[in-house]
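Topology and contacts: notes
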Amino acid sequence: MIGEKTTTKWDGIIAGLPEESLPVAEPPLSSEKQEDVIIDVAHWLSRATFDVIGLAGFDYAFHALEDESEEVYSAYIKMFRSQDKQGFKNIVQLYFPIVEKLWRDDQIRTVNDSLNVIRRRGAELVRNKKRSVMASITSSKEIWEKDLLSLLSE
């Protein structure tokens, strides 16, 4: 399914469609292919991977292939893009973590904001999954206790 979505997106890029109007479910109607089209495969595979991890690991659809506006995906993108800009500072921070406390800047604020979003949404996913599992255990227990002997003894 995610592989098909990725292929459909790439077909749209090859057909010359702008990214905001790339199809998700069906290939574009235009069979006319553009020449010399460059597809950033790493970018699209990272989006597909994010969707796979969301579905397989958390039973949650991040819809990263559809757009980049989902809260957790956006937080990761912002965090990693801000990290790319600060090469030397990141190396210094690796050896001297106190630098983060002393040298507060937009990059650190972006990373902290992103981590807060990721933690909050992660906690929500875990909480919702726990509720779901507990509800299924409770309902199966109720069903289990509705055996013939239990019903006769009531």
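These figures come from a predicted structure and were not determined experimentally.

**As for the overall build of the chain**
Looking only at helices and strands, the chain features seven helices and zero strands. Written out in order from the N terminus, the α and β elements of the chain read α-α-α-α-α-α-α. Looking at the chain as a whole, 26% of its 154 residues qualify as buried. Counting only contacts in the chain whose residues sit at least 6 apart along the sequence, the fraction spanning at least 24 positions is 46%. If you sum the accessible surface of the chain, you get close to 11,100 Å²; carbon and sulfur atoms cover 61% of it.

**Some points on the packing of aromatic side chains**
For the coordinates displayed, the defined rule picks out five aromatic pairs. Taken together, a centroid distance of 5.4 Å and an interplanar angle of 70° make the contact between Phe 50 and Tyr 76 edge-to-face. Taken together, the residues span a long stretch of sequence, with Phe 50 in helix H2 (residues 41-58) and Tyr 76 in helix H3 (residues 71-84) at a distance of 26 residues. An aromatic cluster of three or more residues is present, and its members are Phe 50, Tyr 60, Phe 62, Tyr 73, Tyr 76 and Phe 80.

**Quick notes on the environment of Ala 15**
Here Ala 15 lies in the loop between helix H1 (2-14) and H2. Classification of Ala 15 by relative accessible area gives buried; the value is 10%. Between the C-alpha atoms of Ala 15 and Val 37, which are 22 residues apart in sequence, the distance is 8.9 Å.

**Some words on the nonpolar core**
For soluble globular proteins, nonpolar side chains are generally found buried alongside one another. Counting residues in hydrophobic clusters, the biggest one holds eleven residues: Phe 50, Phe 62, Ala 64, Val 72, Tyr 73, Ala 75, Ile 77, Met 79, Val 111, Val 117 and Ile 118. Taken together, the elements giving at least two residues each to this core come down to H3 and helix H6 (106-144). Counting residues per element, this core draws most heavily on H3, at five residues. If we skip the residues at most four places from it in the chain, Met 79 touches Val 111, Ser 114, Leu 115 and Ile 118.

**Focus on the packing of H1 against H2**
Following both chains from N to C, one finds H1 and H2 inclined at 155°, their axes separated by 10 Å at the closest point. The pairing of H1 with H2 is recorded here as roughly antiparallel in orientation. Crossing of H1 over H2 shows right-handed handedness. Taking contact as the criterion, the partners of Ile 2, Thr 6, Lys 9, Trp 10 and Ile 13 in H1 are, on H2, Val 41, Trp 44, Leu 45, Ala 48, Asp 51, Val 52 and Leu 55. Tallied by class, the residues present in the contact of H1 with H2 amount to nine nonpolar, one polar and two charged.

**A word on a nonpolar patch on the surface**
A surface patch of nonpolar side chains, about 650 Å² in accessible area, is lined by Tyr 95, Phe 96, Ile 98, Leu 102 and Trp 103. With respect to the helices and strands, Ile 98 occurs in helix H5 (residues 98-102).

**Some points on the environment of Val 111**
Of note, Val 111 is situated in helix H6. Residue classification places Val 111 among the buried positions, given a relative accessible area of 13%. Between the C-alpha atoms of Val 111 and Tyr 76, which are 35 residues apart in sequence, the distance is 8.7 Å.

**A word on the pattern of salt bridges**
Scanning all chains against the criterion turns up eight salt bridges. Here Arg 47 and Glu 68 are joined by a salt bridge, their closest N and O atoms 3.5 Å apart. With Arg 47 in helix H2 and Glu 68 in the loop between H2 and H3, this pair connects stretches of sequence that are 21 residues apart. In this structure, Asp 59 and Lys 129 form a salt bridge, with 3.3 Å as the shortest nitrogen-oxygen distance. Taken together, the residues Asp 59 in the loop between H2 and H3 and Lys 129 in helix H6 connect sequence positions 70 residues apart. The exposure class assigned to Asp 59 is exposed, which follows from its relative accessible area of 57%.

Each value, and the rule that gives it
- Residues numbered from 1 in each chain as written.
- Predicted model: local features only at pLDDT ≥ 70, side-chain atom pairs only at ≥ 80, totals over all residues.
- Heavy atoms only, no water.
- Helix = DSSP H or I, 4+ residues; strand = E, 2+ residues; numbered from the N terminus.
- Buried < 20%, exposed > 50% of the residue type's maximum accessible area, 1.4 Å probe, protein only.
- Contact = heavy atoms within 4.5 Å.
- Areas by Shrake-Rupley, 256 points an atom, 1.4 Å probe, with all protein chains shown as cover.
- Phe/Tyr/Trp six-rings, centres within 6.5 Å; stacked < 30°, edge-to-face > 60°.
- Core = buried A, V, L, I, M, F, W, Y, C linked by side-chain atoms within 4.5 Å.
- Axes fitted to C-alpha atoms, helices over the stretch in contact; angles between N-to-C directions.
- Parallel < 35°, antiparallel > 145°, perpendicular 65-115°, else oblique.
- Left-handed = near helix turned anticlockwise from the far one by under 90°.
- Nonpolar A, V, L, I, M, F, W, Y, C, P; charged D, E, K, R; others polar.
- Patch = residues over 30% accessible without salt bridge, like charges linked within 9 Å, V, L, I, M, F, W, Y side chains within 5 Å.
- Salt bridge = Lys/Arg side-chain N within 4 Å of Asp/Glu carboxyl O.

These figures come from the coordinates and say nothing about function on their own.
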